[in-house]
Structures are given as C-alpha cells and as structure tokens.
Amino acid sequence: MNTEVIFLSLQKGTTKLIFTDNEGHHGTDITTDVQPGDTVKWKIRQGSGISEITSIYRVPENGDIFSQDPAPDKHGTGWSGVISESATGSESYGLKYKVDGQEYDVDPDLRIFP
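Rules used throughout
- Residues numbered from 1 in each chain as written.
- Predicted model: local features only at pLDDT ≥ 70, side-chain atom pairs only at ≥ 80, totals over all residues.
- Heavy atoms only, no water.
- Salt bridge = Lys/Arg side-chain N within 4 Å of Asp/Glu carboxyl O.
- Helix = DSSP H or I, 4+ residues; strand = E, 2+ residues; numbered from the N terminus.
- Buried < 20%, exposed > 50% of the residue type's maximum accessible area, 1.4 Å probe, protein only.
- Core = buried A, V, L, I, M, F, W, Y, C linked by side-chain atoms within 4.5 Å.
- Contact = heavy atoms within 4.5 Å.
- Phe/Tyr/Trp six-rings, centres within 6.5 Å; stacked < 30°, edge-to-face > 60°.
- Lys NZ or Arg CZ within 6 Å of the ring centre and 35° of its normal.
- Pairing = 2+ DSSP bridges.

Q: What is the right way to read the pattern of salt bridges from this model?
A: For side chains of opposite charge, pairing can occur when their charged atoms come near one another. A full pass over the atoms with the stated rule returns one salt bridge. For the salt bridge of Asp-33 with Arg-111, the shortest nitrogen-to-oxygen distance reads 2.7 Å. Of the two residues, Asp-33 sits in strand β4 (residues 31–34) while Arg-111 sits in strand β11 (residues 109–112), which places them 78 residues apart along the sequence. Judged by relative accessible area, Arg-111 falls into the partly exposed class, the value being 34%.

Q: What is the right way to look at the nonpolar core in this model?
A: Note on soluble globular proteins: their nonpolar side chains tend to be buried together. Counting 23 residues, the largest nonpolar core has Trp-42, Leu-95 and Leu-110 as its most contacted members. Sorting the residues of this core by element identifies β1 (3–10), β2 (17–21), β5 (39–44), β6 (52–58), β9 (89–99) and β11 as the ones contributing at least two each. Those residues in contact with Trp-42 that lie beyond four places of it in its chain are Ile-6, Ile-53, Ile-56, Phe-66, Pro-70, Thr-77, Gly-78, Trp-79, Ser-80, Gly-81, Tyr-93 and Leu-95.

Q: Explain unusual backbone geometry to me, please; I cannot follow it from the model alone.
A: Although it is not a glycine, Asp-100 sits at a positive phi angle of roughly 50°. Among the secondary structure elements, Asp-100 is positioned in the loop between β9 and β10 (102–106).

Q: Looking at this structure, I do not really get the packing of aromatic side chains. What am I missing?
A: For any pair of aromatic rings, the description consists of the separation of the ring centres together with the inter-plane angle of the planes. Enumeration over the complete set of coordinates arrives at four aromatic pairs. Each ring, one from Phe-66 and one from Tyr-93, has its centre 6.1 Å from the other, and the planes form 80°; the classification is edge-to-face. With Phe-66 in the loop between β6 and β7 (71–72) and Tyr-93 in strand β9, this residue pair connects regions lying 27 residues apart in the sequence. Across the pair, Tyr-93 and Phe-66 agree in class, each one buried. Here a set of aromatic residues connected by ring pairs shows up, and it is made of Trp-42, Phe-66 and Tyr-93. Sitting above the plane of the Phe-7 ring, Arg-45 keeps its charged end 4.5 Å from the centroid.

Q: Can you help me understand the pairing of β11 in this one?
A: On any regular strand, side chains alternate: one points to one face of the sheet, the next to the other face. On β11, burial follows the alternation: Leu-110 and Ile-112 on one face are buried, whereas Asp-109 and Arg-111 on the facing-out side are not. The sheet contact formed by β4 and β11 spans four bridges and is parallel. Residue Val-34 lies in a different strand from β11, and its bridge partner there is Ile-112. Sheet topology note: the β9/β11 ladder contains four bridges and is antiparallel. The partner of Glu-91 across the bridge, within β11, is Leu-110.

What follows is the structure in structure tokens.
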C-alpha cells in the first residue's frame with residue numbers, strides 16, 4: 001500500500017485551488033493515480049492563504065471510493081483517507097476549503113488502478 005500526498009495552494013490573486021501531488025501532477029484540475037488500499041493525504045501548503053479543509057466527501061453519483069470517510073489527521077495538518085479495496089475506474093470526490101472565512105467547493109479526481 002502506498003501513500004499519495006496532494007498539496008493544496010491558491011492560484012495567485014484568486015480563491016481557485018492548485019493541486020500538486022507526489023506523482024508530479026500540478027494544476028487546477030489534476031487526476032491522482034491510486035490503488036486499492038492506498039492512503040491519500042491532503043495537505044495545505046504553508047502560506048497558501050487557505051485557512052482549512054472543512055470536508056472531503058464522496059460525490060453521490062459516483063461510487064464510494066473510500067473505505068471510510070476521509071478525516072482530519074491527528075496533528076491538524078491535513079486530511080487522510082484510504083482507498084476502498086473494491087474501488088475501480090476514475091472517480092470524483094468533493095473537497096471543501098476556506099479562504100478568509102468563505103467556504104469553496106471543488107471536485108478533483110482519483111484514478112484507481114487494480
């Protein structure tokens with residue numbers, strides 16, 4: 001089982017997220033490759049302007065790609081979730097975050113390889 005890390009920052013002058021993962025993907029709309037049983041961690045880049053991640057959740061029309069709902073880590077530095085052993089294909093998930101007290105919502109993708 002691997003650990004995939006997705007870093008969050010803001011596009012300069014906006015509240016739009018930029019994602020960077022440990023696989024080398026970077027941009028406002030990336031797909032991170034995972035395998036069943038992998039742990040995915042989301043971390044806010046220091047000085048990014050993002051105050052917190054408020055929720056990571058499954059998108060209702062997609063399958064449940066997580067074996068349990070992602071949750072904040074023990075140290076308050078990010079969130080983590082584990083990919084379900086039965087997950088397949090490519091799935092969107094929801095991520096809510098706050099900037100200056102205002103909440104925003106995006107739906108990035110995870111692509112599951114068996």
